Amino acid sequence: INYKNQTIELLKLKRELSYETVNLNFYLGLPLLQETKLKSVTLETEKEFLNPDEFYQLQDIQNKLLLNDLQYKINKTQFYPSISTYGNIGTGYSTNNKDYSASNTPVIPYDKQITNNAYQGIGFSLNIPIFNKGEYYKSQQIYTIVKAEQEQLLENKKQEIEKKKIETQLQRRVFEESLTIQNAIATDKETIYKATQMLYFEGKIRLSEVETVETDYNNFIQMLQDIQIELFKLNALKLSN
């Protein structure tokens, strides 16, 4: 009965494994029914890597800092003195086409009036924003406040990520140390289980006693596998640098 119950539990685990494998293949873009297997990963260094969410959060704050700097530089140009030049050129045509510079005021020929009446000019304009000092001071203060706010957010986010790194490293260390001890216990429980089977075959104990030891051993192995899965998740986790 105990063996059959364990078989039922095994079938449930296989079904769950099949579902998780299909789900994993879906996210990896692999054929859904492919037999994908995972292996434990051990980081060789203490360096961690950003997960996508944390990476984009940091990048967003850094982009806002950069945009704030650029916008401030653009706004400053509005308060600088500026100089501009302009020019014009034209000509005239008139029926009063007498040339008074010549004797007896002869008539200027119509075909020469365009060139004769040509004129041109050039000018300069200087703009000094004398009355914009209040706006310049306001823009400077807003820039300083926004920059300080974004820098503080960036520093807080970095500290949050650093805290998460340390917590992950401590958690991984605890799991590794616990797993070493639990593996030793599992070996001892396996020895006890085999010894109990031998005693049963020799007719010295009842079957119920063997089943009790077997159930305890299997439950412990399941718990051990749960620890291994959690350690696998931590080793596969990529935080940031």
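Please refer to the structure higher up on the page.
First things first, this report covers the structure right here in the doc. Since the structure is predicted, the reported quantities are computational estimates derived from the model, not experimental observations.

## Quick notes on the packing of aromatic side chains
At step 1: This structure, assessed with the given rule, holds 3 aromatic pairs.
At step 2: Their ring planes at 75° and their centres at 5.3 Å tell us that F26 and Y27 sit as a pair that is edge-to-face.
At step 3: When its relative accessible area of 54% is taken as the criterion, F26 is described as exposed.
At step 4: Judged by centre distance (5.7 Å) and plane angle (55°), the rings of Y200 and F201 are tilted.
At step 5: Note on Y200: relative accessible area 31%, which makes it partly exposed.
At step 6: Under the relative-accessibility criterion, F201 is labelled exposed at 67%.
At step 7: The ring centre of F220 lies 5.4 Å from the NZ or CZ of K189, which sits over that ring.

## What to know about the nonpolar core
At step 1: F175, L179, A186, F220, L224, I227, L231 and L234 together form the largest nonpolar core, which totals 8 residues.
At step 2: Ranked by residues supplied to this core, first place goes to helix α5 (residues 207-236) with 5 residues.
At step 3: By size, the runner-up hydrophobic cluster in this structure holds 5 residues, among which are L58, I61, L154 and I161.

How each quantity is defined
- Residues numbered from 1 in each chain as written.
- Predicted model: local features only at pLDDT ≥ 70, side-chain atom pairs only at ≥ 80, totals over all residues.
- Heavy atoms only, no water.
- Phe/Tyr/Trp six-rings, centres within 6.5 Å; stacked < 30°, edge-to-face > 60°.
- Buried < 20%, exposed > 50% of the residue type's maximum accessible area, 1.4 Å probe, protein only.
- Lys NZ or Arg CZ within 6 Å of the ring centre and 35° of its normal.
- Core = buried A, V, L, I, M, F, W, Y, C linked by side-chain atoms within 4.5 Å.
- Helix = DSSP H or I, 4+ residues; strand = E, 2+ residues; numbered from the N terminus.

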